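Geometric and topological summary
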Amino acid sequence: MPVNDLLLRFFRAARGANVRISPAESLDAMGAVAAVGYGDRGLLRDALLLTLAKTADDKRSLAECFDLFFSRADLSGADAATDLAPEPGDLGELAQMLQDGDQAALSAALATDAAGLSDIRYFTQRGLYAQRILDGMGLPRLDRDIAARSGTSAGRGLAEAREALRDTVRDLVARAILLYAREDTENLRNEVLRATPLSRLDRREVIRMRIIVAAMARRLRDRYSRPRKARDRGRLDARRTIRRNAGWGGVPFLTVWRRRHIEKPRIMALCDVSGSVARTAEFLLLFLYSLNEALSDIRTFAFSAELVEVSDVLETQAIEPAIRDIMGRVGLGSSNYGRALEDFDKDFMSAVTNRTTVIILGDGRTNYLDPRTDILRRIAERARRVIWLNPESRFSWGIGDSEMPHYAPHCRIVRQCSTVEQLERVVSDLLAMDRR
């Protein structure tokens, strides 16, 4: 394999270990490797770490990746047939190598047939690639050779060597999965989690989901915090363009555009933290606060029945202790949307202006109490928009104590929002509205 191909495979494996490598850094690493060569393993390792690692975490990840990438397959167990006297009769090439204990030839054959392992993408392909390598080395003929010597010591020796070879190939494929399939496997797992209802996550998945949510929020923040591109800069201001180019006889060398001021949305988020919707509320809060550079002002309120502002809690504490604090104050009680809206009307309605987006996260189930839709109507009249995110399926709206059919007419956007994927779409749409 050409040296550069080997390094390119190593770079890909390193990226799968969450080490960011730019094209310029790749070229630097290639230059360093060309200078030190491959003869001294320690020197090669140091050269790659010095040119590619930017943080202590990068250094640890690269060191693990290096050891895994440049380790060799252990074929010591594949010599189970070497103590046997040569068996008369024709043997296939693989059986002959195993009988002779020719580890050099076995290593060469294994390297040739394992060359495609860098194409592995998902851990579910483990069996497929292992069988492909074994078949390429001549496993079908080896099986026939063993069957032809069934019951003999030579057959038993070859069978043991075959099992040792299978173990070696499995280990090789497992190592390739760690090197090459980690990124795609993580992406696949993340995609599945993004589409999983938040209320069904177990504790391990919640931890992973927090990382996914924070990454999604950064992506949206970066997208909507950038200045507009030239094609988005507005309509031509003909009058000012003519005036500005008066010195050139009106020839428009310099253009003036009508720029529309883009206001970052002001958010007031009312989160139902009762029962099953509490986890969805947690991720909405995390998501919104991770977007603080794209949003100019966020005020957050939580309620089961009584509504309280929790902005200060979320601003001064990490998200996990903050959620515990909020849940301890108002969480897990019975929902009373009417009472929550009354509290908002009394204490916070004056803060709602035509620049305010009010987001309500909840299932709209009132326990058959007064829903106070009249207050929601007044909020809608004062606010720029009201968005209602409901974690329940639309088929459940209006059934039992659900007041969604009465709340929905007063909202500009009403969406089912039970997954992070749906949450990202809603917030992305919200940010996009203010850039049109």
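By convention here, each chain's residues receive numbers from 1 onward along its written sequence. Under the rules for a predicted model, residues below a pLDDT of 70 receive no local features and side-chain atom pairs below 80 are neither given nor counted, while totals for whole chains, interfaces and linings still include all residues. To get the side-chain values, all heavy atoms of the structure are used, and hydrogens and water are removed first.

Looking now at the overall build of the chain. Along the chain, the regular secondary structure elements total 18 helices and eight strands. Whether two residues are in contact is decided by their heavy atoms, any of which lying within 4.5 Å being enough. Considering only residue pairs separated by 6 or more positions, the chain has 73% of its internal contacts joining residues 24 or more positions apart. Exposure was quantified through the Shrake-Rupley algorithm and a 1.4 Å probe, taking into account, for residues, occlusion by the shown protein chains and nothing else. In the structure as shown, the chain presents an accessible area of about 22500 Å², 49% of it carried by carbon and sulfur atoms. Helix and strand definitions follow DSSP, with helices as H or I runs of at least four residues and strands as E runs of at least two, each counted in order from the N terminus.

The next thing to look at is the nonpolar core. In these notes, a set of buried Ala, Val, Leu, Ile, Met, Phe, Trp, Tyr and Cys residues joined through side-chain atoms within 4.5 Å is what counts as a nonpolar core. Categorising residues by exposure relies on relative accessible area from a 1.4 Å probe, with only protein chains included: less than 20% of the type maximum marks a residue as buried, more than 50% marks it as exposed, and the intermediate range marks it as partly exposed. Grouped together as the largest cluster of nonpolar side chains are 26 residues, with contacts concentrated most on L94, M137 and V173. A per-element tally of this core places helix α9 (residues 153–194) first, with eight residues. When residues no more than four places from it in sequence are discounted, the contact partners of V173 are L117, I120, R126, Y129, A130 and I133. V358, L376, V386 and M404 belong to the second largest nonpolar core, which has 25 residues in total.

Right, let's get into the packing of aromatic side chains. Pairs of aromatic rings are described using the distance from one ring centre to the other and the angle between the two planes. Put simply, two rings from Phe, Tyr or Trp (the six-membered ring, in Trp's case) pair if the centres are within 6.5 Å, and we call them stacked under 30 degrees between planes, edge-to-face over 60, tilted for the rest. Under the counting rule described, the total for this entry stands at seven aromatic pairs. Ring centres of Y337 and Y407 lie 6.2 Å apart, and the angle between their planes is 45 degrees; on these two criteria the pair is classed as tilted. One end of the pair, Y337, is in helix α15 (residues 337–347); the other, Y407, is in helix α17 (residues 404–407), and 70 residues separate them in sequence. You can call Y337 buried: its relative accessible area is 2%. On the basis of relative accessible area, Y407 is assigned to the buried category, the value being 0%.

Let us now look at helix α7 (residues 126–137). To estimate the expected span of a helix, subtract one from its residue number and multiply by 1.5 Å. Its 12 residues give α7 an end-to-end C-alpha distance of 17 Å, which sits within 8% of 16 Å, the value for a rise of 1.5 Å per residue. All of the buried residues in α7 are Y129, A130, I133, L134 and M137. Looking straight down α7, one finds that the buried residues subtend no more than 130 degrees of arc, so they occupy a single side. Two residues or fewer after α7 comes G138, characterised by a positive phi angle close to 110 degrees. Of all possible arcs, the one meant is that of the directions from the helix axis to the C-beta atoms.

With that settled, the discussion passes to the environment of L52. With respect to the helices and strands, the residue L52 is situated in helix α3 (residues 41–52). In this structure, the C-alpha to C-alpha distance between L52 and R20, residues 32 residues apart in sequence, is 8.4 Å. Setting aside chain neighbours within four positions, we find L52 in contact with F10, F11, V19, I21, E25, A29 and L62.

With that settled, consider the packing of helix α5 (residues 93–100) against helix α8 (residues 139–148). Helix packing geometry: the angle between the two helix axes and the distance between the axes. To define axes, lines are fitted to C-alpha atoms, for helices over the stretch in contact only, and angles between the resulting N-to-C directions are given on a 0 to 180 degree scale. For the pair α5 and α8, the least separation of the axes is 7 Å and the interaxial angle reads 65 degrees. Classified by the angle their axes make, α5 and α8 are roughly perpendicular. Residue-level inspection shows L94, A95 and L98 of α5 in contact with α8, the latter providing L139, L142 and D145. Looking at side-chain class alone, the contact of α5 with α8 contains five nonpolar, no polar and one charged residues. Orientation is classified from the angle alone, with under 35 degrees giving roughly parallel, over 145 giving roughly antiparallel, 65 to 115 giving roughly perpendicular, and any other angle giving oblique. When residues are sorted by character, Ala, Val, Leu, Ile, Met, Phe, Trp, Tyr, Cys and Pro go into the nonpolar class, Asp, Glu, Lys and Arg into the charged class, and all the rest, Gly among them, into the polar class.

Contact pair α15 / helix α16 (residues 373–382): the axes reach a minimum separation of 9 Å and the direction vectors enclose 45 degrees. Considered as vectors, α15 and α16 are oriented oblique to each other. Crossing geometry of α15 relative to α16 is assigned as left-handed. Contact residues: L341, E342, F344 and D345 in α15; I375, R378 and I379 in α16. Residue composition of the contact of α15 with α16, by class: four nonpolar, no polar and three charged. The sense of a crossing depends on the near helix, which, turned anticlockwise from the far helix by less than a right angle, makes the crossing left-handed and, turned clockwise, makes it right-handed.

Quick look at the pattern of salt bridges now. What counts as a salt bridge is simple: a side-chain nitrogen of Lys or Arg found within 4 Å of a carboxyl oxygen of Asp or Glu. In this structure the tally under the stated criterion is 15 salt bridges. In this structure, the salt-bridge partner of D167 is R170, at a minimum N-O distance of 2.7 Å. Pair noted here: D167 and R170 are both in helix α9, with a separation of three residues, about one helical turn. Looking at D167, the relative accessible area reads 42%, which means it is partly exposed.

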